[in-house]
Amino acid sequence: MSGINDYIDSEVKGNDVVLFMKGTPGFPQCGFSGQVVQILDYIGADYKGVDVLTSAELRQGIKEYSNWPTIPQLYVKGEFVGGCDIIREMFQAGELQTFLVEKGISVKAPA
């Protein structure tokens, strides 16, 4: 495993909820990342944002790590959940909150 994979692995396993995104939660640099941030903020889930724009190696590495071609990517308890479309669909269906609660993540806006 390369250094970047080790870094990604430690972020994914070391945080209950981690969002690999373009920009930061306070200042998203793309619309898709911004949508996921808005959803997570709205339901009140505590999460860590990792800015993939800080490194081309990280940007490529996360796509290989998840075998998923796009960013943002949301991980919960070490498990890849999905990108913007999947998160948005889960949220609209009320499944995201339920999923997080089942994983032991507290949210302030239950479904």
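Reference entry: report on the structure contained in this document. (Residues numbered from 1 in each chain as written. Predicted model: local features only at pLDDT ≥ 70, side-chain atom pairs only at ≥ 80, totals over all residues. Heavy atoms only, no water.)

**Quick look at the overall build of the chain**
Logical step 1: Scanning the chain from N- to C-terminus turns up five helices and six strands.
Logical step 2: On C-alpha atoms alone, the chain measures out to a radius of gyration of 13 Å, which is about the 13 Å that the 2.2 N^0.38 rule sets for 111 residues.
Logical step 3: Overall size of the chain, expressed as C-alpha extent along the three principal axes, is 40 × 25 × 20 Å.
Logical step 4: Counting the 111 residues in the chain, one finds 42% classified as buried.
Logical step 5: In the chain, of all internal contacts separated by at least 6 residues, the share reaching a separation of at least 24 is 59%.
Logical step 6: Here the chain has roughly 5700 Å² of accessible surface; of this, 49% comes from carbon and sulfur atoms. (Helix = DSSP H or I, 4+ residues; strand = E, 2+ residues; numbered from the N terminus. Rg over C-alpha atoms; globule rule 2.2 N^0.38 Å. Buried < 20%, exposed > 50% of the residue type's maximum accessible area, 1.4 Å probe, protein only. Contact = heavy atoms within 4.5 Å. Areas by Shrake-Rupley, 256 points an atom, 1.4 Å probe, with all protein chains shown as cover.)

**Brief notes about the environment of Arg59**
Logical step 1: Mapped onto the elements, Arg59 comes out in helix H3 (residues 56-66).
Logical step 2: A C-alpha to C-alpha distance of 30 Å links Arg59 and Gly94, two positions 35 residues apart in sequence.
Logical step 3: Discounting chain neighbours no more than four positions away, the residues touching Arg59 are Val52, Leu53 and Ile71.
Logical step 4: A distance of 3.5 Å separates a polar side-chain atom of Arg59 from the backbone oxygen of Val52. (Polar contact = N/O pair within 3.5 Å; in protein donor to acceptor, adjacent residues only side chain to side chain.)

**Side note on the packing of helix H1 (residues 3-14) against H3**
Logical step 1: Where H1 contacts H3, the axes come no closer than 9 Å and their chain directions differ by 65°. Relative to H3, the element H1 is oriented roughly perpendicular. In this structure, H1 crosses over H3, and the sense of that crossing is right-handed. Touching Ile4, Asn5, Tyr7, Ile8, Asp9, Val12 and Lys13 of H1 are Glu57, Leu58, Gly61, Ile62 and Tyr65, all from H3.
Logical step 2: Within the contact of H1 with H3, the residues separate by chemical class into seven nonpolar, two polar and three charged. (Axes fitted to C-alpha atoms, helices over the stretch in contact; angles between N-to-C directions. Parallel < 35°, antiparallel > 145°, perpendicular 65-115°, else oblique. Left-handed = near helix turned anticlockwise from the far one by under 90°. Nonpolar A, V, L, I, M, F, W, Y, C, P; charged D, E, K, R; others polar.)

**Overview of helix H5 (residues 95-102)**
Logical step 1: Here H5 has its buried residues at Leu96, Gln97, Phe99 and Leu100. Here the buried residues of H5 occupy an arc of 160° about the axis, which is enough to place them on one side.
Logical step 2: Of the surrounding elements, those touching the buried residues of H5 are strand S1 (17-21), helix H2 (31-43), strand S5 (73-76), strand S6 (79-82) and helix H4 (84-92). (Arc of directions from axis to C-beta.)

**Let's talk about the environment of Asp9**
Logical step 1: With respect to the helices, strands and loops of the structure, Asp9 is situated in helix H1.
Logical step 2: A relative accessible area of 17% places Asp9 in the buried class.
Logical step 3: C-alpha of Asp9 to C-alpha of Ala56: the two residues are 47 residues apart in sequence and 17 Å apart in space.

**Some words on unusual backbone geometry**
Logical step 1: For the peptide bond that leads from Ile71 to Pro72, omega is 10°, which places it in the cis range.
Logical step 2: For Asn67, which is not glycine, the phi torsion reads 60° and is therefore positive.
Logical step 3: A relative accessible area of 69% places Asn67 in the exposed class.
Logical step 4: The phi dihedral of Lys77 is positive, around 50°, even though this residue is not glycine.
Logical step 5: You can see Lys77 is positioned in the loop between S5 and S6.
Logical step 6: Relative accessible area serves as the criterion here: at 42%, Lys77 is assigned to the partly exposed category.

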